[in-house]
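Structural description and commentary
Each chain, written out:
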Amino acid sequence: MVAITHILEIRARCPADGFGDIYKCEIHTTRVIDINKILAVVDKYKLQEIWMEDLAEELRRSLCAKIVLRGSHYGRVKTEVVAE
């Protein structure tokens, strides 16, 4: 079995304050996922307001892969969300 990890940044807007958030995203899979599909899926969230937890779950469903999102809130609280 092969293990593949794609690492990228994802941008979305925080529903609490409307500011743009930048998340470090890891996509863990055992199959090939077309990079163009990954980019198309994550790019649709650029301007969308979405909670980090919901974003991780939507990415998991869209890409059929384990998703790890990391971000910080106000530079003070670091959060990691894992959707399997």
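Okay, so let's go over this structure. The structure presented is a predicted model; accordingly, all values stated were derived computationally and were not measured.

**Describing the pairing of strand S2 (residues 20–29)**
- As defined by bridge partners, strand S1 (residues 4–13) adjoins S2 across 10 bridges and the pair is classed as antiparallel. Following the sheet pairing, Arg11 is matched in S2 by Ile22.
- Here S1 hands over to S2 after six residues, with Gly18 in that stretch at a positive phi of 80 degrees.
- With five bridges joining them, S2 and strand S3 (residues 66–73) adopt antiparallel strand pairing. Within S3, the position partnered with His28 by the bridge is Lys66.

**Some thoughts on the nonpolar core**
- Counting residues in hydrophobic clusters, the biggest one holds 22 residues, and the most contacted among them are Ile27, Leu55, Leu59, Ile67 and Leu69.
- At five residues, the largest contribution of residues to this core is made by helix H2 (residues 52–63).
- The contact partners of Leu69, leaving out residues within four places of it in the chain, are Ile10, Tyr23, Lys24, Cys25, Met52, Leu55, Ala56, Leu59, Thr79, Glu80 and Val81.

**Re unusual backbone geometry**
- The backbone of Cys64 sits at a positive phi, close to 50 degrees, despite the residue not being glycine.
- Position of Cys64 relative to the elements: it lies in the loop between H2 and S3.
- Judged by its relative accessible area of 55%, Cys64 falls in the exposed class.

Rules used throughout
Residues numbered from 1 in each chain as written. Predicted model: local features only at pLDDT ≥ 70, side-chain atom pairs only at ≥ 80, totals over all residues. Heavy atoms only, no water. Pairing = 2+ DSSP bridges. Helix = DSSP H or I, 4+ residues; strand = E, 2+ residues; numbered from the N terminus. Core = buried A, V, L, I, M, F, W, Y, C linked by side-chain atoms within 4.5 Å. Buried < 20%, exposed > 50% of the residue type's maximum accessible area, 1.4 Å probe, protein only. Contact = heavy atoms within 4.5 Å.

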